[in-house]
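Per-entry structural report
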Amino acid sequence: MDDVAGLLALVGLAVLAMPVLLVVALMAVSGLKRRVATLEQQVEQLRATRVAEPASGRSAAQGAEAADYGPTLAELVREPAPAPGSVAAPAVSGHS
């Protein structure tokens, strides 16, 4: 008989835990909604400032900083490739 009482107590606790878990889940979702709304607002602000920047895509401070480090990968990729005829063929060494 004690086993049945223990089982009923566990079932009762599980039933009472469900509303508590529901409240915790709803609070977590509301917190996430607030964080997502803040992030969306920050993205919109960044997009607005990006549109307002000069056509080169760099501010004066970024340009001076980039000059210290050399060209960026995007600048290197934009450079024209050498003509196909101007590339030297690799040297073949014969090991006989």
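Analysis parameters
Residues numbered from 1 in each chain as written. Predicted model: local features only at pLDDT ≥ 70, side-chain atom pairs only at ≥ 80, totals over all residues. Heavy atoms only, no water. Helix = DSSP H or I, 4+ residues; strand = E, 2+ residues; numbered from the N terminus. Areas by Shrake-Rupley, 256 points an atom, 1.4 Å probe, with all protein chains shown as cover. pLDDT = per-residue confidence, 0-100. Salt bridge = Lys/Arg side-chain N within 4 Å of Asp/Glu carboxyl O. Buried < 20%, exposed > 50% of the residue type's maximum accessible area, 1.4 Å probe, protein only. Expected span 1.5 Å × (residues − 1). Bend = angle between axes of the 7 residues up to and from the residue.

**Thoughts on the overall build of the chain**
- Per the secondary structure count, the chain includes 3 helices and 0 strands.
- Taken from N to C terminus, the helices and strands of the chain fall in the order α-α-α.
- Carbon and sulfur atoms make up 68% of the accessible area of the chain, which totals about 8,900 Å².

**Things to note about the confidence of the model for the chain**
- For the chain, per-residue confidence averages 78 on the pLDDT scale, and residues scoring 70 or more make up 64% of the total.
- The least confident element of the chain is helix α2 (residues 60–69), whose mean pLDDT is 56; the most confident is helix α1 (residues 2–52), at 91.

**As for the pattern of salt bridges**
- Evaluation of the coordinates by the stated rule reveals 1 salt bridge.
- A salt bridge links Glu44 to Arg47; the nearest nitrogen and oxygen atoms lie 3.5 Å apart. Residue Glu44 and its partner Arg47 are both found in helix α1; the two are separated by 3 residues, about one turn of the helix.
- Look at Glu44 and you get partly exposed, because its relative accessible area is 49%.
- Of the residues examined, Arg47 reaches a relative accessible area of 53% and is grouped as exposed.

**With respect to α1**
- Relative to the 75 Å expected for 51 residues at 1.5 Å per residue, α1 spans 75 Å between its end C-alpha atoms, a close match to the ideal helical length.
- At Ala17, α1 shows its strongest bend, of approximately 25°, with the proline Pro19 following within four residues.

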